[in-house]
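The chain contents come next:
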Amino acid sequence: MRFEKTPGWLDWHAGPTKPRFRVPAGSVDAHCHVFGPGDQFPFAPERKYTPCDASKQQLYALRDHLGFARNVVVQATCHGADNRAMLDACVSSGGKARGVATVKRSISDAELQAMHDAGVRGVRFNFVKRLVDFTPKDELMEIASRIATLGWHVVIYFEAVDLPELWDFFTALRTTVVVDHMGRPNVNKPVDGPEFELFVRFMREHPNVWSKVSCPERLSIAGPNALEGQQAAYRDVVPFAKRIVDTFPDRVLWGTDWPHPNLKDHMPDDGLLVDFIPHIATTVELQRMLLVDNPMRLYWPEETVS
Ligand code: 0GY
């Protein structure tokens, strides 16, 4: 089936630079997606955008180019609860990819087990209103309790302004909970202001909560251009991500977010995104925890020596 991509949609960067920062051996890109290809894995009828194709082969070529060893492929909303593209990417990775699925209440135990066997280790609950229609909280809670028996975790995606309203639901979750992109802070607001303080409190008071310190390109207002000297691209995001890495070093993950859905102003150079890492994880030890130890503990615990 042929799909017309959403007007204004930017294609992913076809020739990313080689990062100057060399990620540690065994690093995991813990947030990325595959889109279609649409003629093989059609996009969901209920989707809010139609992306360009971004195949597993292209994802794995990027992994190798950037120096990563593994991927966590996260189900994107354009595929709804049809996880076939993500599952296909996991099973054809030779054990180098694990997945996060989107499921409905109607899913059977056998289907969940088959997903587990394919490499899925979490479900994603999306609360970003421009991306999804509302799902009742009792349905999500039922799913959360079923996947807990498989040892999976819950990935949540929401915007900072919605955290107060979602707080009771999030804090009732009993599994590990992984927040996408630091709960999308407004980086125009102070890093020690009430909005980001609430997010820090969310992590401090709930040791089961982790955060991806990802997506500076989505959060930044300053954009990708570094200033004269050593300042990072997306420099206005640095204080937010660095604070989370410094405060919760054993509960942070990093991902490219390739192929970067819904970006209409600029498409990041994935090499530049990797060069952002040493600005937020400033020691070799923090970099190893962020890129290797933490994602391995969550997604490949059987290979982790405690
Ligand atoms: C991301 C961010 C976005 C999209 C999705 O599943 C999705 O469609 O997550 C976004 O538009 O902010 O993490 O990929």
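For the structure, see preceding data.
Residues numbered from 1 in each chain as written. Predicted model: local features only at pLDDT ≥ 70, side-chain atom pairs only at ≥ 80, totals over all residues. Heavy atoms only, no water.

Peer 1: Explain the overall build of the protein residue by residue, including any values.
Peer 2: Assigned secondary structure in the protein consists of 10 helices and eight strands. For 306 residues, the compact-globule estimate of 2.2 N^0.38 gives 19 Å, and the C-alpha radius of gyration of the protein, at 18 Å, lies within 12% of that figure. By residue count, 57% of the 306 residues in the protein fall in the buried class. Of the contacts formed within the protein by residues at least 6 apart in sequence, a portion of 76% connects residues at least 24 apart. Accessible surface, the protein: about 13100 Å² in total, of which carbon and sulfur atoms supply 52%. (Helix = DSSP H or I, 4+ residues; strand = E, 2+ residues; numbered from the N terminus. Rg over C-alpha atoms; globule rule 2.2 N^0.38 Å. Buried < 20%, exposed > 50% of the residue type's maximum accessible area, 1.4 Å probe, protein only. Contact = heavy atoms within 4.5 Å. Areas by Shrake-Rupley, 256 points an atom, 1.4 Å probe, with all protein chains shown as cover.)

Peer 1: Lay out the site of the ligand in plain terms, naming residues and giving numbers.
Peer 2: Taken together, 15 residues lie around the ligand, and His33, Tyr49, Thr77, Tyr157 and His181 are the ones closest in. Within the side chain of Asp257, an N or O atom sits 2.9 Å from an oxygen atom of the ligand. Here the ligand, which alone exposes 350 Å², has 100% of that area covered by the protein. Counting atoms within 2 Å of the grid points, the majority share of the ligand lands in the largest cavity. Class assignment of the residues belonging to the shell around the ligand gives a composition of five nonpolar, five polar and five charged. (Near = heavy atom within 4 Å. Polar contact = N/O pair within 3.5 Å; in protein donor to acceptor, adjacent residues only side chain to side chain. 1 Å grid on protein atoms, 1.4 Å probe; cavity = no way out; pocket = protein on both sides within 12 Å on 5 of 7 lines; lining within 4 Å. Sits in = over half its atoms within 2 Å of the grid points. Nonpolar A, V, L, I, M, F, W, Y, C, P; charged D, E, K, R; others polar.)

Peer 1: Can you break down helix α2 (residues 84–91) residue by residue, with the values?
Peer 2: Residue pairs spaced three or four apart in an α-helix point in one direction, given the helix's 3.6 residues per turn. Three or more residues of α2 are buried, namely Ala85, Met86, Leu87, Ala89 and Cys90. Lining the buried residues of α2 we find α1 (56–66), β2 (70–74), β3 (97–101), α3 (109–118) and β4 (120–126).

Peer 1: I'd like to hear about empty space enclosed by the protein, residue by residue, with values.
Peer 2: The full count for this structure, using the stated rule, is two cavities of 30 Å³ or more. Taken as a whole, the largest cavity encloses approximately 110 Å³ of empty space. Around the largest cavity, the lining is made up of 15 residues, and of these His33, Arg124, Leu131, Tyr157 and Pro261 lie nearest the centre. Partitioning the lining of the largest cavity into residue classes produces five nonpolar, six polar and four charged. Approximately 50 Å³ is the volume attributed to the second largest cavity. In this structure, the second largest cavity is lined by Phe158, Ala160, Leu163, Met182, Gly183, Pro185, Glu195, Phe196 and Phe199. A total of three residues in the lining of the second largest cavity trace back to one element, the largest contributor, which is helix α6 (residues 194–205). A class-by-class count of the residues in the lining of the second largest cavity yields seven nonpolar, one polar and one charged. (Points joined across faces, edges and corners; volume = space filled by probe spheres on them.)

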